[in-house]
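What follows is the residue order along each chain.
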Amino acid sequence: MKRRVLDHPILGHKTDHREEIEFFFEGEKLKAYPDDTIASALIANGIDIFGFSSSGKPRGLFCAIGKCSSCLVEVNGIPNIRACITPVKNGIKVKRQKGKGKPTW
Amino acid sequence: MVKHQALVIGAGPAGLCGAIAMAENGVDVLVVDEGLEPGGQLPKQTHKFFGHEGFFASLRGFEIGKILIERARKNGVKLLLKTTVAGIYEDAIVLYNRELEKTQELKVDYILIATGASEKFISFKKNYLPGIYGAGAVQTLMNQYRTLPGKNFIIIGAGNIGLILGYQLLQAGANVKAIIEASSKVGGYAVHANKIKRMGVPIILNHTIVEAIGEEKVNGAIIAKVDASFKPIPGTEREFVVDTICLAVGLQPNVELAAQIGARIEYVPKLGGYVPYRDENMKTSLENVYIAGDLASIEEATTAMIEGYIAGYNIAQKITGKDFSEQITKMKRELVEFRKGPFSQKVREGLKHFNISFSEGGYRTKIQNNEEPVGKLRVKIECPQNIPCNPCETSCPTGAITVGENINGIPHVDYDKCIGCGICVTKCPGLAIFLIQEFEKSSIVGIPYEFELPDENEKVILLDKNGNEIGYGKVEKIVKNNRFHTHIVFLNIPKGFENDVRHFKKIVKNYEEIICRCESITRKEIEDAIEEGFTDFEELRRYLRISMGPCGGRVCRLQTLSIISEKTGIPISELDSGRYRPPSIPLSFKAILNGEDDKNE
């Protein structure tokens with residue numbers, strides 16, 4: 001996880017994370033902290049492209065507070081999950097969403 | 001169906017204060033919030049807040065959030081997170097709990113909507129690219145999740161949010177290339193602007209972003225000068241090598257739920273766009289629906305908290321039948337006090353639309369310029385605007401600092417009383433107070449400092465108010481403040497520069513890595529030129545004379561291309577490798593004159 005700010009002059013050293021957890025993105029195994037969202041875990045791993053719009057344009061995180069729907073990903077086969085306000089969990093399988101995603105029942 | 005007396009939608013400063021006001025008085029109140037943690041935007045704020053200490057001025061946003069959440073819990077406020085109010089119907093409110101993946105029906109007597117605001121988006125070419133974020137998103141990633149989405153940032157918008165984000169990025173170790181502002185002046189507080197200007201971040205006025213560069217993600221930004229009607233002027237484009245573009249171009253109230261419930265919505269640009277109608281008690285056009293915070297008008301955390309209290313006490317009054325007019329009047333007086341200054345002008349004008357009037361003026365506008373006792377250790381306050389803030393006054397143990405009658409006044413120092421203790425320096429949310437003292441041969445300047453500390457006795461480069469290097473100094477002493485994290489670094493500086501030195505930086509060895517041997521051009525020169533926007537080999541050749549020497553680029557071409565690739569993120573294979581021109585080696589004019597060509601035939 002190359003993009004971490006572990007030392008900070010105001011927030012101090014990040015020590016409150018327990019062990020790292022593992023999840024999958026497009027089949028690749030990645031590491032995350034248990035207090036990460038899916039979005040922060042992806043960004044920390046250097047992944048900026050979260051999906052593609054229906055016209056094929058790359059799409060990433062924009063608002064990070066669940067308002068803009070730019071970060072929709074597929075989690076364990078379920079589309080339209082807001083990566084920014086969904087906690088990452090051990091073993092989940094995250095995929096880039098293409099277009100609007102297929103609904104599941 | 002679950003029943004509560006009151007529902008608060010949104011657990012930010014407005015919602016939490018509203019809930020506290022109700023719960024304190026025995027009201028059964030439920031707060032619903034979509035986020036993973038309560039506090040709204042507070043948990044992502046690492047800077048100290050303005051205002052007075054009654055509303056937590058000088059504490060940092062995330063600390064204020066913790067206090068409010070604790071206070072709400074203690075008073076018995078019920079908090080439901082990861083839950084969205086999906087719809088408000090005549091017979092019930094539908095909540096959606098996304099963790100349990102189920103909806104739930106709720107019935108309440110009163111609703112306080114405190115849904116806050118969302119960041120505005122603007123249009124420019126390729127504005128969809130990953131790497132373009134709302135300013136708040138970068139704060140969330142960096143300060144809540146300790147993740148930086150890039151290395152080199154450009155910020156669009158020099159309001160308080162853009163300025164604060166710039167400072168926070170520097171604290172997290174990122175490079176801030178520039179802050180771009182379309183209007184002809186900085187919209188945020190001068191003290192916020194000064195904090196980043198003295199660290200060398202340029203604020204470029206009268207400019208806007210016209211294009212993001214990149215295919216799959218951002219690797220640059222093109223800005224251009226704008227005319228009087230904010231239209232980009234062709235031919236004035238400039239390129240920045242950045243991997244992240246932050247938009248801090250304003251907020252718009254989240255009116256969806258208020259509109260859905262049937263509260264009257266009106267378009268009042270001075271309050272932020274579409275806003276619900278409200279009266280001075282924060283009541284909407286509906287008898288049992290109140291609002292508070294950014295939803296009511298885009299303003300600050302302090303006013304959001306006060307509005308939350310006003311709404312909360314009013315609802316509590318109706319539910320319990322008790323009289324809280326004393327508390328309500330007190331809070332309204334606070335609002336009047338805060339909104340007297342020039343930065344509240346838009347809100348004052350906007351509220352006239354709802355026939356609510358707030359008076360202005362009555363604060364000190366004169367900037368102090370009396371004789372100072374040269375040689376005495378004393379404070380120098382550089383707070384030139386009328387902003388609602390007074391911790392300098394309230395924290396001064398000798399009563400030397402006053403802001404005057406109203407909290408928007410400009411602070412003055414009574415130098416007979418100032419003992420140079422530095423408490424105000426560490427309290428000031430704008431980091432706008434310095435300590436100075438002149439000695440026979442040199443002077444001392446004490447600087448509020450919130451970065452990794454230097455060593456005592458370390459030699460450093462002195463920076464002025466605009467981040468220009470103006471000489472060398474030495475770290476004399478460091479007064480650490482591990483509780484509030486604003487330290488004071490005392491610098492020994494040449495005499496006469498007490499009013500110039502406002503920051504410093506570590507001395508980094510100049511690297512003497514030569515890339516172009518013929519013209520003696522260093523790696524640093526090439527990197528700096530790329531930063532200036534010369535991102536193409538031919539541009540660099542014309543600008544630096546790189547590869548124009550006798551070797552014709554044999555030594556430096558590939559190295560230069562690899563530096564361009566490193567900086568811009570574009571693979572060498574996709575870069576234009578530049579022209580190859582004759583002659584391939586230097587040859588003399590004599591050789592050409594002696595040449596045998598067609599004329600001999």
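Only a predicted model underlies this, so the values are computations on that prediction, with no experimental measurement involved.

(A) Local environment of the overall build of chain A. From N to C terminus, chain A includes one helix and nine strands. Each helix and strand of chain A, ordered N terminal to C terminal, gives the series β-β-β-β-α-β-β-β-β-β. Whereas a compact globule of 105 residues would reach a radius of gyration of roughly 13 Å, chain A reaches 14 Å, a difference of no more than 12%. Referenced to the eigenvectors of the C-alpha coordinate spread, the extents of chain A come out at roughly 40 × 25 × 20 Å.

(B) Examining the overall build of chain B more closely. Counting its secondary structure elements, chain B contains 15 helices and 30 strands. In terms of its C-alpha atoms, chain B occupies a principal-axis envelope of roughly 115 × 65 × 45 Å. Put simply, chain B has 601 residues, and 56% of those count as buried. Contacts in chain B between residues at least 24 apart in sequence constitute 63% of all its contacts with a sequence separation of at least 6. Total accessible area computed for chain B in this model is approximately 26700 Å², and 50% of it derives from carbon and sulfur atoms. Of the side chains in chain B, 73 bear a positive and 75 a negative charge, and the two mean positions are spaced by 3 Å.

(C) Here's a closer look at the interface of chain A and chain B. Tallying the contact residues gives 35 residues for chain A and 37 residues for chain B. Of the roughly 3200 Å² buried at the junction of chain A and chain B (both faces included), carbon and sulfur atoms supply 60%. Together, Val5, Ile10 and Phe62 of chain A form the three largest contributors to the area buried by chain A at its contact with chain B, with a combined 23%. Of the charged contacts in the structure, one is a salt bridge between Lys217 of chain B and Asp48 of chain A, with a shortest N-O distance of 3.4 Å. Linking chain A with chain B are 12 residue pairs in polar contact (both at pLDDT 80 or more). Those elements that place two or more of their residues in the side of chain A that touches chain B are β1 (7-8), β2 (12-13), α1 (38-44) and β6 (58-59) of chain A. With three residues, α1 of chain A is the single largest residue contributor to the side of chain A that touches chain B.

(D) Representation of the sheet that holds strand β14 (residues 238-240) of chain B. Residues and elements named next belong to chain B. Strand order in this open sheet of three strands is β12-β13-β14, and the pairing throughout is antiparallel. One side of each edge strand has no neighbouring strand; the edge strands of this open sheet are β12 (207-213) and β14. When the angles between neighbouring strand axes are averaged without regard to direction, this sheet yields 30 degrees. Pairing of β12 with strand β13 (residues 220-225) involves six bridges; the strand directions are antiparallel. When the sheet's bridge partners are listed, Glu211 is paired in β13 with Ile222.

(E) Region of interest: the sheet that holds strand β8 (residues 132-134) of chain B. All names here are of chain B. The strand order β8-β15-β9-β10-β11 describes an open sheet built from five strands, whose pairing is parallel. On the outer flanks of this sheet lie β8 and β11 (203-204), each paired with one strand and no other. Inspection of the sheet shows strand β10 (residues 175-180) paired to β11 by two bridges, in the parallel sense. When the sheet's bridge partners are listed, Ile180 is paired in β11 with Ile204.

(F) Here's a closer look at the packing of helix α7 (residues 301-320) of chain B against helix α8 (residues 325-338) of chain B. Residue and element names in this part refer to chain B. Contact geometry for α7 and α8: axes closest at 9 Å, N-to-C directions at 160 degrees. In terms of axis orientation, α7 runs roughly antiparallel to α8. Crossing hand, α7 versus α8: left-handed. Facing α7, whose interface residues are Thr302, Thr303, Ile306, Glu307, Tyr309, Ile310, Tyr313, Asn314 and Gln317, α8 presents Ser325, Gln327, Ile328, Met331, Lys332, Glu334, Leu335 and Phe338.

Procedures and definitions
Here the residue numbers are simple positions, counted from 1 along each chain's written sequence. Chains and ligands are labelled sequentially in the order written, the chains with letters from A and the ligands with numbers from 1. This being a predicted model, a pLDDT of at least 70 is required before a residue's local features are given, and a value of 80 or more before pairs of side-chain atoms are given or counted; all residues contribute to the totals for chains, interfaces and linings. Heavy atoms from the whole structure form the basis of all side-chain values; hydrogens and water molecules are not counted. Strands here are runs of E lasting at least two residues and helices are runs of H or I lasting at least four, both read from the DSSP assignment and numbered beginning at the N terminus. In this treatment the radius of gyration is a C-alpha quantity, and the globule benchmark scales as 2.2 Å times the residue count to the 0.38 power. Partly exposed describes any residue whose relative accessible area lies between the buried limit of under 20% and the exposed limit of over 50%, with all areas from a 1.4 Å probe on protein chains only and scaled to the type maximum. Residue contacts are counted whenever heavy atoms from the two residues lie within 4.5 Å of one another. Using a 1.4 Å probe, accessible areas were evaluated by the Shrake-Rupley method; residue-level cover was limited to the displayed protein chains. Just so you know, the count uses Lys and Arg for positive and Asp and Glu for negative, and it drops His and the chain ends. Here the site of a charge means NZ on Lys, CZ on Arg, CG on Asp, or CD on Glu. Two parts lose some accessible area (1.4 Å probe) when they are put together, and adding that loss for both gives the buried area. What makes a salt bridge here is a side-chain nitrogen of Lys or Arg within 4 Å of a carboxyl oxygen of Asp or Glu, nothing more. Throughout this description, a polar contact denotes any pair of N or O atoms lying within 3.5 Å of each other; where both atoms belong to protein, one of them has to be capable of donating a hydrogen while the other can accept it, and for residues adjacent in sequence the pair is counted only when both atoms sit in side chains. Here, a strand pair is defined by DSSP locating no fewer than two bridges between the strands. Angles here are taken between N-to-C directions and fall from 0 to 180 degrees, while the axes themselves are lines fitted to C-alpha atoms, restricted in helices to the stretch in contact. Oblique is the label for any angle not covered by the other classes, which are roughly parallel (under 35 degrees), roughly antiparallel (over 145) and roughly perpendicular (65 to 115). Should the near helix be turned counterclockwise from the far one by less than a right angle, the crossing is left-handed, whereas a clockwise turn marks it as right-handed.

Remember that the coordinates give geometry; whether it matters functionally is a separate question.
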